Amino acid sequence: MAVVWGRPRVDRSDIMTLGVDEIAGHQGHQYLTLVYQIDQGCRCRLWVGEHRRLSALTSLFDSFGRSSV
């Protein structure tokens, strides 16, 4: 429950640089998309999405809101 409550309240206003990577999540060709903040002095995982498609990243950027794009 803490993640559901806390994630929407994370302050992302100072993020300048993102890193995107993918890992095999299960056997076969099932991947997870990982997004990290990679600014100097702050490196943290921001998001994990299923698959390695543009639609996976779209939901992340939707969560940032239009004013952040």
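On a predicted model such as this, the values are computed, not experimentally measured, just so you know. One numbering rule holds for all chains: residues counted from 1, following each sequence as written. Per-residue local features of the predicted model are confined to residues with pLDDT of at least 70, and side-chain atom pairs are confined, for both listing and counting, to 80 or more; whole-chain, interface and lining totals are unaffected and use all residues. Each side-chain value is worked out from all heavy atoms of the structure, with water and hydrogens disregarded.

### Details of the overall build of the protein
For helices the rule is a DSSP run of H or I covering at least 4 residues; for strands it is a run of E covering at least 2, with both sets numbered from the N terminus onward. Secondary structure assignment for the protein yields two helices and three strands. Helices (α) and strands (β) of the protein occur, in sequence order from the N terminus, as α-β-β-β-α. Throughout, exposure labels follow a simple rule: accessible area from a 1.4 Å probe, protein chains only, divided by the maximum for the residue type, with under 20% read as buried, over 50% as exposed, and the rest as partly exposed. Residue burial in the protein is summarised as follows: out of 69 residues, 23% are buried. Carbon and sulfur atoms provide 54% of the accessible area of the protein, an area that totals close to 5600 Å². The Shrake-Rupley method, run with a 1.4 Å probe, gives the accessible areas here. Residue values count only the displayed protein chains as cover.

### Notes on the confidence of the model for the protein
Summary statistics for the protein give a mean pLDDT of 76 and a share of 75% for residues scoring 70 or more. What pLDDT reports is the predictor's confidence in each residue, on a scale of 0 through 100. Considering each helix and strand of the protein separately, the mean pLDDT is smallest for helix α1 (residues 2-6), with a value of 57, and largest for strand β2 (residues 30-39), with 87.

### Re the nonpolar core
The biggest cluster of nonpolar side chains holds seven residues, and these are Ile 15, Val 35, Leu 46, Trp 47, Ala 56, Leu 57 and Leu 60. Elements with a contribution of two residues or more to this core: β3 (42-50) and α2 (54-64). Here this core gets three residues from one element, more than from any other, and that element is α2. Discounting residues that sit within four places of it in the chain, Val 35 has contacts with Leu 18, Gly 19, Val 20, Cys 44, Arg 45, Leu 46, Trp 47, Leu 57 and Leu 60. To define a nonpolar core, start from buried Ala, Val, Leu, Ile, Met, Phe, Trp, Tyr and Cys residues and group those joined through side-chain atoms within 4.5 Å. In what follows, residue pairs with any heavy atoms lying within 4.5 Å of each other are defined as contacts.

### Section: the sheet that holds β3
Any two strands with at least two DSSP-identified bridges between them are counted as paired. Read from one edge of the open sheet, three strands run β1-β2-β3, paired in antiparallel fashion. Of all the strands in the sheet, the pair left with one neighbour each is β1 (18-26) and β3. Across the sheet, the axes of successive neighbouring strands diverge by a mean angle of 25°, strand direction being ignored. Here eight bridges tie β1 to β2, and the two strands are oriented antiparallel to one another. Each bridged residue has a counterpart across the sheet, and for Leu 18 the counterpart in β2 is Gln 37. Only the stretch in contact is used when fitting a helix axis, every axis being a line fitted to C-alpha atoms; angles between N-to-C directions are given from 0 to 180 degrees.

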